[in-house]
Amino acid sequence: MEISRFKTQVAIIGAGPAGLMLGHALMLEGIDCIILERQTREHVEARIRAGVLEQVTTDMMARLGLNDRLSKEGLLHEAVVLLSEGSMIPVAITRHTGKHVTVYGQTELTKDLIAAAEDRGLPIVWEAKDVALHDIEGTAPYVTYGAGHRVDCAIIAGCDGYHGPSRYAIPAKVRREFERVYPFGWLGILADVPPCHAEVAYASHDRGFALASMRSMTRSRYYLQVGLDEQVEDWSDERFWDELCTRLGPKLGGQVTRGRSIEKSIAPLRSYVSEPMRHARLFLAGDATHIVPPTGAKGLNLAASDVTYLADALLDWFKKGTSAGIDGYSAQALRRVWKTERFSWYLTELMHRFPDGGAFDRRMQDAELDYIANSDAAQAMIAENYVGLAL
Ligand code: RFL
Ligand code: PHB
C-alpha cells in the first residue's frame, strides 16, 4: 500500500471555481494549501457550465492577477432581455447600476485557474479517490484519500460541489437543509454559430421557457425548459432548433443561426441551502453548501462571493490572529446567499411553465411581466440583482 503524509495550513476539497479561487487567494498571501480533486484535470476542464460573470467574480480574478484573458476575451454586457410571448422587455443593467456583467465561460475561467496553479506551484492532487474528513471539531483536523494518503491541516475548506462529502461531516444535529425541487430541467446546447441577439435573453412562452446566451460572437449557448422524463437522445438538433425558434418568437427566433451541436445535456433545477457554512475547523463554499436554479446565472458568482468572504476571514486568522472574520463567515455569507436564492427562485417562478400551474398562476406571471415592462422601478430591482448585490 502506498502511504504518504503531508502537512499544510488549509486542505481544500474540490478543484471547481470555489476551490481554485480560494487556493490562489490564500497562496498569494503566503498561506500553504493543497487542493484534492476527485476527477482528472481533463474532466474538470471539459465541463460546460456557467457563462455570465458578475463583477464580484471578475474582481476576484483581478485580485488573483488572473484576469488577462478574461479582460481580452470576455464580452461586457450592459443589458439583459426578458421576452414575454415574443415581445421584448430590455432591462438596462448598466444604466440602473453603473455596473455590467461579463460573458466568459466557466470552462475558460477554470482553465485559467488551473494553468496558473501549475505556474505558481499551487498543488492540486487529481483523481484523489475516497476523500474523507476527520476530527473537524478538534484543533488538528485531517483529510485522507486514496490508498493511505493523509493531509494534516489547521483548516478544511469544503469546495466539493453538491455531490461532495464535506457538508455531511457537519453533525446532523447542527445542520439544517432547505430545498425546493422544480418539476422540470434545462436542456442545453452549445453550437459554433453566431448568437441570435447581442444580449442574453430569457423567454417566457406557453410551450415553456427558453434562454438565448453565448460564449463569444461565434459560439452560442441555448437552453429549453424540458420535462424531467425527457432524454437527450430524444432531442435531435433539428427538433431543438425548431422548438427554440418557436419559444423565442418571430423576432429573435427569426435571427437564430442553426448548426451542429457540440454539447447537449439536461440539468435538473433546484434551490437548496445547507446551514451553517462553517462548523468548527470546516468551512464550506459554493455548490457544496447551496444550489440555485440557473435562471439568473448566479451559481458560479455565489461561489466567488463566498470565497471572497472566506479568503479574507482566513487571512485575518492566519496572519493577524483575529477570529472575528471566521466566526462571522457563515452568517455573513448566508445573508448574500439567501438574497441570491430569492432572486433565482423569483426569476424561475416568473419565466417557466409549471405542469401543475393553474390559470390563476399564468395570469400572475403575465401581470408581473407587464408590470416589469412598464416600471422603471421593477427593472431597477432586476438590474440590481442581475449584476450582483454588493458584498
Ligand atoms: P463545482 O464546480 O461543482 O466544483 C466542485 C468540485 O469538487 C469536486 N468533487 C470532489 N473532489 C474530491 N473529492 C470528492 N469526493 C469530490 N466530490 C466532488 C468536483 O469534481 C468538482 O471539481 O462547485 P463550485 O466550485 O462551488 O462552483 C459552482 C459552479 O460550478 C456552479 O454553481 C455553476 O456552474 C452554476 N451555473 C451557473 N452559475 C453562474 O454563476 N452563471 C451561470 O450562467 C450558470 N449557468 C450553471 C449554469 C450550472 C449548470 N449546470 C450544469 C449545473 C448552467 C448550467 C447548465
Ligand atoms: C449560460 O450562458 O450558460 C447561461 C446564461 C444565463 C443563465 C444561465 C446560463 O441564466
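Numbering of residues starts from 1 in every chain and runs along the sequence as written. Chains and ligands are labelled sequentially in the order written, the chains with letters from A and the ligands with numbers from 1. Local features in this predicted model are restricted to residues of pLDDT 70 or higher, and side-chain atom pairs are both shown and tallied only at a pLDDT of 80 or more, whereas totals for entire chains, interfaces and linings draw on every residue. Side-chain numbers here rest on the full set of heavy atoms in the structure, without hydrogens or water.

Caption draft 1: Region of the structure containing the packing of aromatic side chains. Paired rings are identified among Phe, Tyr and Trp, the last through its six-membered ring, by centres lying within 6.5 Å, and are further divided according to the angle between planes into stacked (under 30 degrees), edge-to-face (over 60) and tilted (the rest). Under the counting rule described, the total for this entry stands at 13 aromatic pairs. Plain terms: the ring middles of Tyr 182 and Phe 184 are 6.1 Å apart, the flat faces sit at 25° to each other, and that makes the pair stacked. Under the relative-accessibility criterion, Tyr 182 is labelled buried at 2%. When accessible area is computed with a 1.4 Å probe and restricted to protein chains, residues below 20% of their type maximum are described as buried, those above 50% as exposed, and intermediate ones as partly exposed. Exposure remark for Phe 184: the relative accessible area of 1% places this residue in the buried category. With 5.0 Å between their ring centres and 70° between their planes, Trp 317 and Phe 318 make a pair best called edge-to-face. Here the aromatic cluster, defined as three or more aromatic residues joined through ring pairs, consists of Trp 186, Tyr 202, Phe 209, Tyr 223 and Tyr 386. Here, a charge over a ring means that NZ of Lys or CZ of Arg falls within 6 Å of the ring centre while also lying within 35 degrees of the ring normal. The ring of Tyr 142 has Arg 150 sitting right over it, with the charged end atom 3.6 Å from the ring centre. Positioned above the aromatic ring of Trp 235, the side-chain terminus of Arg 239 is 3.6 Å from the ring centre.

Caption draft 2: Quick look at the pattern of salt bridges. What makes a salt bridge here is a side-chain nitrogen of Lys or Arg within 4 Å of a carboxyl oxygen of Asp or Glu, nothing more. By the definition in use, this model includes 29 salt bridges. Glu 177 is the partner of Arg 175 in a salt bridge, and the nearest nitrogen-oxygen pair spans 3.2 Å. Looking at Glu 177, the relative accessible area reads 45%, which means it is partly exposed. Residue Arg 270 pairs with Glu 179 through a salt bridge whose shortest N-O separation is 2.6 Å. Here Arg 270 is found in strand β18 (residues 261–275), whereas its partner Glu 179 is found in strand β14 (residues 176–191), with 91 residues between them in sequence. Among the residues examined, Glu 179 registers a relative accessible area of 47% and is labelled partly exposed. Among the charged side chains, a network of salt bridges with common partners joins Arg 69, Glu 73, Glu 108, Lys 111 and Asp 112. Helix and strand assignments follow DSSP, with helices taken as H or I runs no shorter than four residues and strands as E runs no shorter than two, numbered in order from the N terminus.

Caption draft 3: Quick peek at the site of ligand 1. By nearness alone, 30 residues border ligand 1, and Glu 37, Arg 47, Gln 106, Asp 287 and Leu 300 come closest of all. Pairing of N or O atoms within 3.5 Å defines a polar contact, subject to two protein rules: one partner must be a possible hydrogen donor and the other a possible acceptor, and residues neighboring in sequence count only if both atoms are side-chain atoms. With respect to ligand 1, the side chain of Asp 287 contributes an N or O atom lying 2.7 Å from an oxygen atom. Measuring from an oxygen atom of ligand 1, one finds a backbone N or O atom of Asn 301 at 3.2 Å. Per-residue and other accessible areas were derived by the Shrake-Rupley procedure at a 1.4 Å probe size, with only the shown protein chains allowed to occlude residues. In the complex, 87% of the free accessible area of ligand 1, which totals 1000 Å², lies under the protein chains. Elements represented by at least two residues in the shell around ligand 1 include exactly α1 (17–28) and α8 (299–320). Residue composition of the shell around ligand 1, by class: 13 nonpolar, 10 polar and 7 charged. Any residue with at least one heavy atom within 4 Å of a molecule or strand is counted as near it. Amino acid classes used here: Ala, Val, Leu, Ile, Met, Phe, Trp, Tyr, Cys and Pro are nonpolar; Asp, Glu, Lys and Arg are charged; the rest, including Gly, are polar.

Caption draft 4: Representation of the sheet that holds strand β12 (residues 149–152) in the model. Being paired, for any two strands, means DSSP has found at least two bridges between them. Judged by pairing direction, the sheet is mixed, and its 4 strands sit side by side in the order β1-β12-β11-β10 without closing on themselves. Sheet topology places β1 (4–7) and β10 (132–134) at the edges, where each strand pairs with a single neighbour. On average, each strand axis in the sheet is inclined to that of its neighbour by 20°, with strand direction left out of account. Of the strand pairs in this sheet, β1 and β12 are connected by 4 bridges, and their pairing is parallel. When the bridges of β12 are listed, Phe 6 appears paired with Val 151. Convention adopted: a line fitted to C-alpha atoms gives each axis, helices being fitted over their contacting stretch, and angles between N-to-C directions are expressed from 0 to 180 degrees.

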